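Below, each chain spelled out in residue letters.
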Amino acid sequence: MPKQPETTTLPLVPLRDMVVFPSMMAPFVVGRRASILALEATLSTSEKKIFLATQKDPKIDDPSIGEIYPIGVIATVVQNLKLPNQNVKVMVEGLTRAEIISTNEADGYVTVVVRDIESGVPLTSEVAQYMQKLVEIFETYAKMSHHLAFEGVMSTLKLDDPDKFADTLASHILITTPEKQQLLETISPYERLQKLQDFLEVEIEKINIDKRINSKVKKQMERAQKEYYLNEKIKAIHHELGRKDDRSDEVEELRQKIEEAGMPKETKEKALQELKRLEAMPGVSAEATVSRNYIEWLVSVPWKKTTKEIKDIDLAEQILNEDHYGLDKIKERILEFLAVRQLVKGPKGTILCFVGPPGVGKTSLAKSIARATGRKFVRLSLGGVRDEAEIRGHRRTYIGAFPGQIIQRMKKAGTINPVFLLDEVDKMSMDFRGDPSAALLEVLDPEQNNAFTDHYLDVEYDLSKVMFIATANVTHTIPAPLKDRMEIISLSGYTHLEKLAIGKQFLVPKQKQEQGIEESQVDFLDNAIEELIDSYTREAGVRSLEREIGSVLRKVARQVVKHGPDIKTTMDRPKVRELLGKAKFRSQMIHDKSEIGLATGLAWTEVGGEILSTEVAISRGKGNLILTGKLGDVMQESARAALSYVRSRAELFGLDADFHASMDIHIHVPEGAIPKDGPSAGITMATALLSAVTRIPVHRDIAMTGEITLRGKVLPVGGVKDKILAAARAGITRIILPAENERDLDDIPSDVREKMEFNLVESMDQVVIHALDGTIVPLAKKLPEAESAIGSEPPIH
């Protein structure tokens, strides 16, 4: 029968970052309390045996048994020395491999029951040859790695036992602790020898790679030193011959540019200091490239060059009228600006913000201002910008750093007084890289922008002579501090007549030229442009109108190519329908007749004004209020406020106090796929609701806008001009407006204002008088069978 492995109970000392092999002498320091108690228990026995096992994670101070490798070494404590800090330095000698079977913790330390692992094998001739081969490989490894105890180690490897040979060799290889543990847990000496060969060959290859890398680095350093030496020698030779090299020419050229740039004193000193550093650097170094780029940016940015400004107000007015139709308020502001420039010698830069729907000419107006003033024009689009470095630039310490877009555009302008357009300023955003709108605060503040600091240039730059013009579609997304620094000028949508005039004067001639159509080949009648405005576009501006005119003329161009240049086309309404097909939009017109529970409201969108019908239906129910049409929170609250107002004045409106208890009220705003919100539909919903419950129709030719309170007060709203223009397009002739919006009527074009009747109201009582087509009789007695009347419609009075 085979001999059963012996088991022994021994104190356990966990090891950090080291593995002890059998037949190996190893010193280490014991410092943990449990380990010191285990060592003391070992020293109190005659055999002085202890079990050593390696921790899986050396950072753990008090490892559990699961955090210790199960296979370790039974060792004998040969020497021990107590240190002044209460730690104990010991020397141990490994005896045999052993495996932990069970553990027990008592008296502050852990004892383990271990089982010996037999690993002895006979020495054959093949194993002996393999051992000799490993000795040769190890000798190569030791010489390459400059092993300190090379001679002593080689003498210890003269062994006939493969087991001891493998353990001795393993203890002298510089490999990781997990790799050494892997060798310790490999029981078969043959397998252990094969793993040792693999480890040695890998380590030798690593040393070879390190040597090759070090050799290349050394050669590169020698080459750089050689180039530096030769460059310096060439400089000395040129100096002796009285010549200048290319590098000197470059430095002198930069110095001359610095002198001519007109920089402020502090900036010039910094540029010259950087040039001095550049002169001392090797031309091929990375630092020289950074310094050269920095100096080139300093000298390329305008510091004193200005454009001579046109101060002729009549000429400026003529240019503005040539480029744009209407926009009188903005043209007036520009001419005021030019007048002030004539009276004041050093005025501060102007910061305007054009706010309006797409396509009304905000960007093109900025170009016209530049032309009218004779200034250079530069544009920076801020849509989607979310990095502060886009405004201020990156610091020079970053690889590939550049100045921000402000400085880059100033370089492009080449003067210190351009017209600088900040396009789409309302569409900036922010993230972890910073807030670009906060960086713009300094740019757009007349009190600060004379000392704007870009992170890359790191010097003060004067932006006070720049005329900044920002554009935006809406203002509520612009941060309040930024909005406070700009003069807001609103551009509302164009009227029908303005669009017609713009189409005749600007768009048709422009598109004829772009499509290659001669003036004599197409006669574009006014009613053709009106058809395009009414049936093929729905916008506040004229961008879509221009596209549709282009589309019509392209079809004409095809006919010209097909039938010859002598063809002549008269473009009228029927011809437009023939070329473009069915209408894209149905005209928003007034209702055919006055109806109960149907009122016309006015709404504002980013593309201009719209008319908005509001419908109310009454049905038997339990007093529920149903709101549909994708209404926002504010609009739903307005509907509830309208209902509460009607309920609070039920008897005055000829209704029972609890008229709503037995009916459900459904308020719907058509075009349900489009989200709607805002308080301005309050009086519209209240009027439609009152019409439905009193059975009195609402006048079909009247539209209204205004916020309602619970007490029936009518509060002012915004977007009045756009709303009234939308009403005019729909053929509505009477408008109900809050009295406080009377001041907005001055902005309405005179041709529109003359055709309309405006009813200014302060309360819902006045709204009811103007809006309802009939008279409300206050309740003298409870109306009989009120519910039976629901659904019937009396004749219109």
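Residues numbered from 1 in each chain as written. Predicted model: local features only at pLDDT ≥ 70, side-chain atom pairs only at ≥ 80, totals over all residues. Heavy atoms only, no water.

Peer 1: Run through the confidence of the model for the protein, naming residues and quoting values.
Peer 2: Parts of the model with low pLDDT should not have their predicted coordinates read in detail. Overall, the predicted model of the protein reaches an average pLDDT of 82, with 91% of residues at or above 70. Between the elements of the protein, mean pLDDT differs from a low of 61, seen in helix H3 (residues 150-156), to a high of 93, seen in strand S23 (residues 734-738). The low-confidence segment residues 781-797 (pLDDT under 50) makes 22 contacts with residues lying over four places distant or belonging to another chain. (pLDDT = per-residue confidence, 0-100. Helix = DSSP H or I, 4+ residues; strand = E, 2+ residues; numbered from the N terminus. Contact = heavy atoms within 4.5 Å.)

Peer 1: Any chance you could break down the packing of helix H17 (residues 496-515) against helix H19 (residues 543-563) for me, citing the residues and the numbers?
Peer 2: One can describe the packing of H17 onto H19 by two numbers: an axis separation of 9 Å at closest approach and a directional angle of 45 degrees. As far as their axial angle goes, H19 and H17 are oblique. Viewed along their axes, H17 and H19 form a crossing whose handedness is right-handed. Here Lys499, Leu507, Val508, Lys510, Gln511, Lys512 and Gln515 of H17 lie close against H19, whose contacting residues are Leu545, Glu546, Ile549, Gly550, Leu553, Arg554 and Ala557. Considered class by class, the residues forming the contact of H17 with H19 number six nonpolar, three polar and five charged. (Axes fitted to C-alpha atoms, helices over the stretch in contact; angles between N-to-C directions. Parallel < 35°, antiparallel > 145°, perpendicular 65-115°, else oblique. Left-handed = near helix turned anticlockwise from the far one by under 90°. Nonpolar A, V, L, I, M, F, W, Y, C, P; charged D, E, K, R; others polar.)

Peer 1: Can you break down the side chain of Gln521 residue by residue, with the values?
Peer 2: For Gln521, the position within the fold is in the loop between H17 and strand S14 (522-524). Using a relative accessible area of 6% as the deciding quantity, one classes Gln521 as buried. Within the structure, the side chain of Gln521 is placed 3.1 Å from the backbone oxygen of Pro565, a separation counted as a polar contact. Not counting residues up to four positions away in its chain, the partners in contact with Gln521 are Gly516, Val560, Pro565, Ile567, Lys568 and Thr569. (Buried < 20%, exposed > 50% of the residue type's maximum accessible area, 1.4 Å probe, protein only. Polar contact = N/O pair within 3.5 Å; in protein donor to acceptor, adjacent residues only side chain to side chain.)

Peer 1: Any chance you could break down the pairing of strand S5 (residues 88-106) for me, citing the residues and the numbers?
Peer 2: Put simply, side chains in a regular strand alternate between the two faces of the sheet. Of the strand pairs in this sheet, strand S2 (residues 25-30) and S5 are connected by six bridges, and their pairing is antiparallel. In the strand pairing of S5, Val30 is matched with Val88. The pairing of strand S4 (residues 71-82) with S5 spans 11 bridges and is classified as antiparallel. Across the sheet, Lys82 pairs through a bridge with Val88, a residue of S5. Here S4 folds back onto S5, and the loop between the two strands holds five residues, one of which, Gln86, carries a positive phi near 75 degrees. (Pairing = 2+ DSSP bridges.)

Peer 1: Run through the sheet that holds strand S12 (residues 467-472), naming residues and quoting values.
Peer 2: Strand order in the open sheet formed by five strands is S8-S9-S12-S7-S13, with parallel pairing between adjacent strands. Where the open sheet ends on each side, the last strands, each with one partner, are strand S8 (377-381) and strand S13 (487-490). Between one strand axis and the next, the sheet turns by 20 degrees as a mean value, whatever way the strands run. Examined bridge by bridge, strand S7 (residues 351-355) and S12 share five bridges and lie parallel to one another. Note that in S12 the partner of Val355 across the bridge is Ala472.

Peer 1: Describe a nonpolar patch on the surface, naming the residues involved and giving the relevant values.
Peer 2: A grouping of Ile209, Ile213, Val217 and Met221 is seen on the molecular surface, where their side chains present a nonpolar patch of about 340 Å² in accessible area. Take Val217: it is sitting in helix H6 (residues 189-241). What makes Val217 partly exposed here is its relative accessible area of 40%. (Patch = residues over 30% accessible without salt bridge, like charges linked within 9 Å, V, L, I, M, F, W, Y side chains within 5 Å. Areas by Shrake-Rupley, 256 points an atom, 1.4 Å probe, with all protein chains shown as cover. Salt bridge = Lys/Arg side-chain N within 4 Å of Asp/Glu carboxyl O.)

Peer 1: Summarise a positive patch on the surface; cite the residues concerned and give the values.
Peer 2: A surface patch of like charges, here positive, comprises Arg554, Lys555, Arg558 and Lys562. Locating Lys555 in the fold gives a position in helix H19. By relative accessible area, Lys555 is classed as partly exposed at 33%. (Lys, Arg positive; Asp, Glu negative; His and termini not counted. Charge placed at Lys NZ, Arg CZ, Asp CG, Glu CD.)

Peer 1: Describe the packing of aromatic side chains, listing the residues and the values that go with them.
Peer 2: How two aromatic rings sit relative to each other is set out by the distance from centre to centre and by the angle between their planes. Tallied over the full model, the rule gives five aromatic pairs. With 5.9 Å between their ring centres and 65 degrees between their planes, Tyr294 and Tyr456 make a pair best called edge-to-face. Highlighted residues: Tyr294 in helix H9 (residues 286-300) and Tyr456 in the loop between strand S10 (452-453) and strand S11 (460-461), separated in sequence by 162 residues. Ring centres 5.4 Å apart and planes at 40 degrees place the aromatic pair Phe420 and Phe468 in the tilted group. On the criterion of sequence distance, the pair formed by Phe420 in strand S9 (residues 419-423) and Phe468 in strand S12 is long-range, its members being 48 residues apart. Each member of the pair Phe420 and Phe468 is classed as buried. Above the face of the Tyr294 ring, Arg396 is positioned so that its terminal group lies 3.8 Å from the ring centre. The cationic tip of Lys411 hangs over the ring face of Trp297; the distance from NZ or CZ to the ring centre is 4.3 Å. (Phe/Tyr/Trp six-rings, centres within 6.5 Å; stacked < 30°, edge-to-face > 60°. Lys NZ or Arg CZ within 6 Å of the ring centre and 35° of its normal.)

Peer 1: Account for the environment of Ile416, naming residues and giving values.
Peer 2: Tracing the backbone shows Ile416 in the loop between helix H14 (405-413) and S9. Residue Ile416 is classed as buried on the basis of its relative accessible area of 10%. For the pair Ile416 and Tyr69, spaced 347 residues apart in the sequence, the C-alpha separation amounts to 74 Å.

Peer 1: Break down the pattern of salt bridges for me, with residues and values.
Peer 2: A full pass over the atoms with the stated rule returns 30 salt bridges. Residues Glu253 and Lys257 are paired through a salt bridge, measuring 3.7 Å at the closest nitrogen-oxygen approach. Residue Glu253 and its partner Lys257 are located together in helix H7 (residues 246-260), separated by four residues, close to a single helical turn. Overall, Glu253 belongs to the partly exposed group, its relative accessible area being 45%. Under the relative-accessibility criterion, Lys257 is labelled partly exposed at 38%. A salt bridge links Lys504 to Asp526; its shortest N-O distance comes to 3.5 Å. Of this pair, Lys504 sits in helix H17 while Asp526 is found in helix H18 (residues 526-536), placing the two residues 22 residues apart along the sequence. Classification of Lys504 as partly exposed rests on a relative accessible area of 43%.

Peer 1: Explain helix H12 (residues 362-373) residue by residue, including any values.
Peer 2: Helical periodicity: at 3.6 residues per turn, an α-helix aligns residues three or four positions apart in one direction. The terminal C-alpha atoms of H12 lie 17 Å apart, and with 12 residues this matches the ideal 16 Å at 1.5 Å per residue to within 8%. Along H12, the residues that are buried comprise Lys362, Leu365, Ala366, Ser368, Ile369, Ala370, Ala372 and Thr373. The inward-facing, buried residues of H12 contact helix H10 (313-323), helix H11 (328-343), S7, S8, S9 and S12. Two residues or fewer after H12 comes Gly374, characterised by a positive phi angle close to 75 degrees. (Expected span 1.5 Å × (residues − 1).)

Peer 1: Could you give me a rundown of the pairing of S12, with the residues and numbers involved?
Peer 2: Counting buried residues along S12, six of its six residues qualify, which places the element largely inside the surrounding structure. Side chains of S12 alternate between two faces, with Met467, Ile469 and Thr471 and Phe468, Ala470 and Ala472 buried alike. Taken together, the four bridges between S9 and S12 define a ladder with parallel strand orientation. For Phe420, the partnering residue across the bridge sits in S12 and is Phe468.

Peer 1: Requested: an account of the environment of Glu179, with residues and values cited.
Peer 2: Counting through the fold element by element, Glu179 comes out in helix H5 (residues 177-185). A relative accessible area of 25% means that Glu179 is categorised as partly exposed. When the C-alpha positions of Glu179 and Phe199 are compared, they lie 8.8 Å apart, and in sequence the two are 20 residues distant.

Peer 1: Help me get a handle on H5, residues and values and all.
Peer 2: Those residues of H5 lying buried are Thr177, Lys180, Gln181, Leu183 and Leu184. Down the axis of H5, the buried set is contained in an arc of 155 degrees. They therefore lie on one face. (Arc of directions from axis to C-beta.)

Peer 1: How would you explain unusual backbone geometry if you had to name every residue and give the values?
Peer 2: Phi at Asp458 takes a positive value of approximately 60 degrees, unusual for a residue other than glycine. Following the sequence through the fold, Asp458 ends up in the loop between S10 and S11. What makes Asp458 partly exposed here is its relative accessible area of 41%. Positive phi, normally seen in glycine, also occurs at Lys630, with a value near 55 degrees. Residue placement: Lys630 occurs in the loop between strand S18 (625-628) and helix H21 (633-648). Exposure remark for Lys630: the relative accessible area of 48% places this residue in the partly exposed category.

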